Amino acid sequence: MPTRFSPLHMKSPDAESVCPLLLSLSAPLGARLVWSGETMADQEGSIAVPEFSSLLQMDPYLKPFEQDFRRRYELLQKQLFQLEETEGGFDQFTRSYRSFGVQRQPDNSLFLKEWAPAAEALFLTGDFNDWNKFSHPYAKKEFGKWELILPPKHDGSPAVDHNSKLKVVVHTGDGQRLYRISPWAKYVTREEKTVIYDWVHWDPPHPYVHIHPRPKRPTSLRIYEAHVGIASPEPKVASYSNFTTNVLPRIKDLGYNCIQLMAIMEHAYYACFGYQITSFFAASSRYGTPDELKQLIDVAHSMGIVVLLDVVHSHACKNTEDGLNLFDGTDSCFFHSPPRGEHSLWDSRLFNYSSWEVLRFLLSNLRWWMEEYRFDGFRFDGVTSMLYHHHGIGTGFSGDYNEYFGLHVDEDSLVYLMLANHILHTLYPDCITIAEDVSGMPALCRKVQEGGLGFDYRLAMAIPDKWIQILKEFKDEDWNMGNIVFTLTNRRYGEKCIAYAESHDQALVGDKTLAFWLMDKEMYTNMSALIPMSPIIDRGIQLHKMIRLLTHGLGGEGYLNFIGNEFGHPEWLDFPREGNNQSYHYARRQFNLVDMDHLRYRQLYAFDRDMNRVEDQYGWLAAPPAFVSAKHEGDKVIVFDRANVLFIFNFHPNRSFQDYRVGVEAAGKYKIKLDSDEVRYGGHGRLDHNTDFFTEAQPFNGRSNSMLVYIPCRTAIVLANEEIDYCY
């Protein structure tokens, strides 16, 4: 059976049959569209990208690759047209979670549907029929589909009870009998003594109903990256309810307006950090029930916080009994056959994005999380692996544009990402999508109408690597201010970036948090505020604040912090596994350290909170990129202004500067709004906050005005102009 519809199966469209959304994407207004049997084309024979000129204005060096952009856009149009012709449009197509899996009908009968193109027969077994393997066969339909209807019980209740177990029995062409979990299963659990997850029918009599509307999309995105399971000081798997009660108030207090939840999609192996997905529609049961996750998101919305899902569509776990792999007995159901369908480094399976039913599955998966749980968007994991046939393995990206175009680009997955972003932003205009891409693919974060992939943001992945490199390899006096500034500002113009000094990647076993790089074992003995700071603790606390503020102010159009790092969480992350005797010691966040008044973790927490609050007031993340007026190697000073806010950093380990001239564009009176040297932040209190700084009409370092300031060593200052209205 074919796994996708061919244009040869479709009738030629007339003007009325083409979706208006399709027309809005397909050609400039007034262009004559013709049907060539395969694609719609303009009179030149290929589809023009309607706003490609806007992309070229941003980056004229893309002009030689116009045909690549046209081809990609044409492939997208082909997908949209096929969706309109064969499925009634993408709105209906992406709601396939309402027809696949198990669906309760109004009369309490159950309708079941699966896609298993290579299967000889399908049966349903479970608690409801005492695990009879043959009593309930599915009927074979077109295109590899299988359907089954279970009438209600004599009392009118559904044939399968809520919270009872099920399995799909797959009979293969070579005579095997396989026991599988439905790919569309909405809830799976694992009993304590077992390894394999069970499919549990989730149909509560009183499901959770969301109360609070989605918050408005933030102008300045301040992201708190979090893992529910580690969000407790206790050595155990923490719960959704714990996160709702104990962690959400902290995030709100810290000034973050967005939470990025990791490891929510069900994964059989806890130590994979949520990146080896086994059940794509199931919220992980190790933290609680689906309703408890819905409540978590609802409460976050009540606080004005949007919630993003860390979605993994780049690959899938190799598990068979409780995963997608070999669902119908073949290695090419949801995936490419090996070797293309295997990721050699991740030991996982790779989706076949050219398959119609795989598109249905993945696009419906995105819609499911948006509709059922009311997530506000996604961080797409592993985008670099998706974009290239080489998956980035053994490949360095120099920025040469030929690296982003040509046969090594996987256009099936690239067009899938374009399609996903187009659908999400059409259905949910405030939806936020973030790409994890290390390659620097041009137009990744430009509109689909321009030929881009349609993401809102990309992660600035070079920034945390630079900070780790500096701390590992250079003495303080050898820090290169120009190189730091270059790394923080080296991003594609017109494409928004999420800046971060560290994420979960930097904390994983084999590495450690920035705080631990800075202070190491002294964090165990010298973090008390009741004793004088040792030189190591003093250096670590000051640089921890400065690194984060510099990244926040200069590095992007959004900012991300990983749970616990706001207060300088010590050590590293390591999940329970055989290699550590199944220990939870490093798979937790020690919030208790912040709650102790006498520990300096509280000071780092306070600085992180006030840094976000000052940004919320002045909005530099939503402003155009900063103007860097100074990066002085001898003085170890960096100065820049952004959103009419002046940032001054003195990284020198022992030199303070009196009457230091700094350039600033807007004239007027400036006041200190954030000072890393304040005593409450673990500083030395060397600055007088009652001081008014007046500009002089003396141009300096490329700015129209300048002023004299005092900047102590290892101190960062944020000053704002008192004569400017900062509403943004």
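In this convention, every chain numbers its residues from 1, walking through the sequence in written order. For a predicted model such as this one, the threshold for reporting local features is a pLDDT of at least 70, and the threshold for listing and counting side-chain atom pairs is 80 or more; totals across whole chains, interfaces and linings nevertheless cover every residue. In computing side-chain properties, one takes all heavy atoms of the structure into account and sets aside hydrogens as well as water.

Some remarks on the pattern of salt bridges
Okay, step 1: Salt bridges are counted wherever a side-chain nitrogen of Lys or Arg sits within 4 Å of a carboxyl oxygen of Asp or Glu. Enumeration according to the criterion identifies 56 salt bridges in this entry.
Okay, step 2: One salt bridge connects Lys294 with Glu372, and the closest N-O pair in it is separated by 2.7 Å. Separated by 78 residues along the polypeptide, Lys294 in helix H6 (residues 290–302) and Glu372 in helix H7 (residues 356–372) bring together distant segments of the chain.
Okay, step 3: Judged by its relative accessible area of 4%, Lys294 falls in the buried class.
Okay, step 4: Note that Asp476 is salt-bridged to Arg539, the shortest N-O span being 2.8 Å. Remark: Arg539 occurs in helix H14 (residues 535–554) and Asp476 occurs in the loop between helix H10 (462–473) and helix H11 (481–489); sequence separation between them is 63 residues.
Okay, step 5: The exposure class of Asp476 is buried, given its relative accessible area of 11%.
Okay, step 6: Taken together, the salt bridges that share partners define one network made up of Asp59, Asp437, Arg458, Arg492 and Glu495. Runs of E in the DSSP output that reach at least two residues are strands. Runs of H or I that reach at least four are helices, and both are numbered from the N terminus. Burial here depends on accessible area, computed with a 1.4 Å probe over protein chains only, as a share of the maximum for the residue type. Under 20% is buried, over 50% is exposed, and the range in between is partly exposed.

Considerations on the side chain of Ser164
Okay, step 1: Looking at the secondary structure, you find Ser164 in the loop between strand E7 (145–150) and strand E8 (165–172).
Okay, step 2: In the analysis that follows, any N or O atom pair within 3.5 Å is treated as a polar contact, provided that within protein one partner can donate a hydrogen and the other can accept it, and provided that, for residues neighboring in sequence, both atoms belong to side chains. Within the structure, Ser164 has its side chain in polar contact with the backbone oxygen of Asp161 (distance 2.6 Å).
Okay, step 3: Apart from residues no more than four positions distant in its own chain, Ser164 is found in contact with Asp127, Trp199, Val200 and His201. Pairs of residues are marked as contacts when any of their non-hydrogen atoms sit within 4.5 Å.

Regarding H6
Okay, step 1: End to end, H6 covers 19 Å across 13 residues, agreeing with the expected 18 Å (1.5 Å per residue, within 8%).
Okay, step 2: Taken together, the buried positions of H6 are occupied by Pro290, Asp291, Leu293, Lys294, Leu296, Ile297, Asp298, Ala300 and His301.
Okay, step 3: Buried residues along H6 sit against helix H5 (240–254), strand E13 (258–262), strand E15 (279–283), strand E16 (306–311) and H7.
Okay, step 4: Where H6 terminates, the next one or two residues include Gly304, which has phi positive at roughly 80 degrees. One fewer than the residue count of a helix, multiplied by 1.5 Å, yields its expected span.

Looking at the domain arrangement of the protein chain
Okay, step 1: Domain parsing of the protein chain yields domain 1 (96–201) and domain 2 (628–721).
Okay, step 2: For the domains described, the bounds stem from an automatic or database domain assignment. Between the C-alpha centres of domain 1 and domain 2 the distance comes to 66 Å.

Description of the sheet that holds strand E12 (residues 221–227)
Within a sheet, neighbouring strands are paired by backbone hydrogen bonds and run either parallel or antiparallel to one another.
Okay, step 1: We call two strands paired when DSSP finds no fewer than two bridges between them. Sheet architecture is closed into a barrel: 8 strands sit in the order E12-E13-E16-E19-E20-E21-E22-E23, paired in parallel fashion. On average, each strand axis in the sheet is tilted by 30 degrees relative to the strand beside it, whichever way the strands run.
Okay, step 2: Both E13 and E16 contribute to a ladder of 4 bridges, which runs parallel. Bridge pairing in E16 links Cys258 to Val306.
Okay, step 3: Running at roughly 140 degrees to E13, H5 makes contact with E12 and E13 of the sheet. As a rule, the C-alpha atoms of each element are fitted with a line to give its axis, helices using only the stretch in contact, and angles between N-to-C directions run from 0 to 180 degrees.

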